[in-house]
Amino acid sequence: MLKKFVISGLLMLLVGCSANNSISLDVENISKDLVEKLDLSEKVIKLDKEDIESLLYLDEGTLDEGILYLSNTNTSDMVGIVSSKDINELESTVKQYIEDLKVQNTNYFPEEVTKLEEALIEKKGDYVIFIVSNDNGEASKLIGELK
Amino acid sequence: MKAFLISLLLFLCIGCSSNSGKIEYSASCKKYDFYDYKNEVPETEMVDDSFFDDVFIGGDSRVGSFVLYNQLSNATLVYIDSLSLNMIDITTHKDLNDTLHNLMMNTEKNNLYLFIGINEIGMGNFDKWAIKLDEFVKELKTTEKNIYLIQSYTIHHAYGTPHEKVKDKVIMVNEKIKEVAENNFVYYLNPDPYLVGEDGYVFKDYVYDGIHFTKLGSEIFKDFLKSHVAGEKYVKEICN
């Protein structure tokens, strides 16, 4: 309960809202804090926007901002916040990436498929936030409270 | 007379240096690579197993079959289950604690084989996959080792890809492997003549789940690798 309150408070402080739906996210700190609160710190490596473009097979320069914490073992845990001028296309790319991971994990790591099926993928202004963890339900509530 | 003619012949063939008194033979030799990188490595006489003392084979779980059936145990075999190319410098091998990218870049072995691409077979197109492969191969080339890219045999099924589309997808990814090999002057291997039947799919006896080798399949694939070695035989030294 306390954890949920702290995360909510942190997100509210770090996310600025304006009347015309344009928001500015402190991508660096939000992603870092989500990783810590979801207890993923020891399992992930941090990718910057160039790495993410390579990972998602995006053209160089597609992303305006991007941080992705990604598991460097065979789990599918991740916390990502990315932004682009074409947010709908970016959301579609992220969704396809998650779908591809489900396929790849089906044969070897079926337990990850369940996690991936519950992946959180949300648009916030020009940002796409995507999270795969053992606590996706909790993360979903926290992001949802920002609407 | 004979001595004069021999002397004259030597004089004409060798030339004289300015610091004379002494006639020196000077020649410049260069090594030329006559291999045709547009084509797959042709079948050759089988190499001895000891060739694989100096081989690193890296890739996805298909490489795991060699480990499972103790084939080519003198080679360095590194595989990561479900590995896709875009994770090659991210996912760490659970025992070796490093990425396949780093392990291949830093190995002391002089023959590098890369077997990857089957886990991405469900992709729509492979243009950007090929760009990533090209980048990695260019990096590998800086090691100045012999590099072999292994094309995929046609599997029976792939999760997320309808059976009737699997063959087309394998052809697409293999075409990209061929292009990258040709553009970077590295070798590529086509195992189909050894592994694939008239129906265009890998022989069912060679794979236990439609994808991964049985013991028999791993033996056949080992023979394929042993009989398709390029390298020094195509390099000739030519001297002026």
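Coordinates for the structure precede this section.
Below you will find a few notes about this structure.

Reading guide: rules and limits
Residues numbered from 1 in each chain as written. Chains lettered and ligands numbered in written order. Predicted model: local features only at pLDDT ≥ 70, side-chain atom pairs only at ≥ 80, totals over all residues. Heavy atoms only, no water. Helix = DSSP H or I, 4+ residues; strand = E, 2+ residues; numbered from the N terminus. Areas by Shrake-Rupley, 256 points an atom, 1.4 Å probe, with all protein chains shown as cover. Expected span 1.5 Å × (residues − 1). Buried < 20%, exposed > 50% of the residue type's maximum accessible area, 1.4 Å probe, protein only. Contact = heavy atoms within 4.5 Å. Pairing = 2+ DSSP bridges. Axes fitted to C-alpha atoms, helices over the stretch in contact; angles between N-to-C directions. Salt bridge = Lys/Arg side-chain N within 4 Å of Asp/Glu carboxyl O.

Re the overall build of chain A
What chain A contains, in helices and strands, is six helices and five strands. Ordered by position in the sequence, the α and β elements of chain A form the string α-α-β-α-β-β-α-α-β-β-α. With the model as given, the accessible surface of chain A reaches about 7300 Å², and the carbon-plus-sulfur share is 49%.

Thoughts on helix 7 (residues 215-226) of chain B
Residue and element names in this part refer to chain B. Counted at 1.5 Å a residue, the expected span for helix 7 with its 12 residues is 16 Å, and the 17 Å between its end C-alpha atoms agrees. Within helix 7, the full set of buried residues consists of G217, S218, I220, F221, K222, F224, L225 and K226. The elements touched by buried residues of helix 7 are strand 2 (55-59), helix 2 (61-68), strand 4 (111-115), strand 5 (146-150), strand 6 (187-189) and helix 6 (192-195).

Some remarks on the sheet that holds strand 5 (residues 127-132) of chain A
All names here are of chain A. Taken in spatial order, the five strands of this open sheet run 1-2-3-5-4, and their pairing is antiparallel. Bordering the open sheet on either side are strand 1 (44-47) and strand 4 (120-124), each of which pairs with just one other strand. With direction set aside, neighbouring strand axes in the sheet form an average angle of 15 degrees. Bridge count for strand 1 against strand 2 (residues 63-71) is four bridges, and the pairing is antiparallel.

Focus on the pattern of salt bridges
All names here are of chain B. Under the counting rule described, the total for this entry stands at 18 salt bridges over all chains. Between R62 and D60 there is a salt bridge, and its shortest N-O distance comes to 2.9 Å. Judged by its relative accessible area of 1%, R62 falls in the buried class. Among the ionic pairs, D127 bridges to K176, the shortest N-O distance being 2.9 Å.

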